[in-house]
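Structural features, examined
Chain residues, written in single-letter form:
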Amino acid sequence: MTKADLHRFVDDLEKDGDLLEAVRPKATGLAALVAAANERGYEFTLDEAKTYINR
């Protein structure tokens, strides 16, 4: 689990349309988005994602 992975995931989503299109159908909620990111090798938790959003 790293905050760096969360930031990298957000940056990659902005830059990589293929990643965005792969994750979009699975992103039915924040927990599902985190799970989809984790399936692709990004390691961060739901709590970290919530903190990132609420900053």
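What you see is a predicted model, and the numbers here were worked out from it, not measured in a lab. (Residues numbered from 1 in each chain as written. Predicted model: local features only at pLDDT ≥ 70, side-chain atom pairs only at ≥ 80, totals over all residues. Heavy atoms only, no water.)

A word on the nonpolar core
For the record, the criterion: Among buried residues, those of type Ala, Val, Leu, Ile, Met, Phe, Trp, Tyr and Cys that are joined through side-chain atoms within 4.5 Å constitute a nonpolar core. Exposure classes here rest on a 1.4 Å probe applied to the protein chains alone. A residue is buried below 20% of its type maximum, exposed above 50%, and partly exposed in between. Numbering of helices and strands runs from the N terminus, with a helix taken as a DSSP run of H or I at least four residues long and a strand as a DSSP run of E at least two residues long. Two residues form a contact once any of their heavy atoms are found within 4.5 Å.
Formed by Leu6, Phe9, Val10, Leu13, Leu19, Val23, Val34, Ala36, Ala37, Tyr42, Phe44 and Ala49, the largest nonpolar core amounts to 12 residues. Mapped by element, the contributors of at least two residues to this core are helix H1 (3-15), helix H2 (17-23) and helix H3 (30-39). Sort the elements by how many residues they give to this core and H1 lands first, with 4 residues. In contact with Leu19, other than residues within four places in its own chain, are Phe9, Asp12, Leu13, Arg40 and Tyr42.

Re the packing of aromatic side chains
The test is simple: Centres within 6.5 Å are what make two rings of Phe, Tyr or Trp a pair, Trp counting through its six-membered ring; a difference in plane orientation under 30 degrees is then read as stacked, over 60 as edge-to-face, and the rest as tilted.
Evaluated as defined, the whole model comprises 2 aromatic pairs. Note on Phe9 and Tyr42: the rings are 4.9 Å apart at their centroids and 65 degrees apart in plane angle, and the pair reads as edge-to-face. Pair noted here: Phe9 is in helix H1 and Tyr42 is in the loop between H3 and helix H4 (46-53), with a separation of 33 residues, a long-range link. Summarising the burial analysis for this pair, Phe9 and Tyr42 share the class buried. Seen from their ring centres, Phe9 and Phe44 are 5.7 Å apart, and the 40 degrees between their planes marks the pair as tilted. One end of the pair, Phe9, is in helix H1; the other, Phe44, is in the loop between H3 and H4, and 35 residues separate them in sequence. On the basis of relative accessibility, which here comes to 4%, the residue Phe44 falls in the buried class. Grouped by ring-pair contacts, the aromatic residues Phe9, Tyr42 and Phe44 constitute a single cluster.

Describing the packing of H3 against H4
Where we set the bar: Structural elements are reduced to axes, namely lines fitted to C-alpha atoms, with helices fitted over the stretch in contact, and the angle between N-to-C directions of any two is expressed from 0 to 180 degrees. Note: crossing handedness is left-handed where the near helix turns anticlockwise from the far helix by less than a right angle, and right-handed where it turns clockwise. Note on residue classes: Ala, Val, Leu, Ile, Met, Phe, Trp, Tyr, Cys and Pro are nonpolar, Asp, Glu, Lys and Arg are charged, and everything else, Gly too, is polar.
At a minimum axis distance of 9 Å, the contact between H3 and H4 shows a crossing angle of 115 degrees. The interaxial crossing formed by H3 with H4 has right-handed handedness. Within the contact between the two elements, H3 uses Leu30, Ala31 and Val34 and H4 uses Leu46, Ala49, Lys50 and Ile53. For the contact of H3 with H4, a count of residues per class yields 6 nonpolar, no polar and 1 charged.

What about H1?
Which entries qualify depends on this criterion: Given a helix with a known number of residues, its expected span is that number minus one, times 1.5 Å.
Given a rise of 1.5 Å per residue, 13 residues ought to cover 18 Å, and the 19 Å separating the end C-alpha atoms of H1 matches this to within 8%. Structurally, H1 contributes buried residues whose contacts are with H2, H3 and H4.

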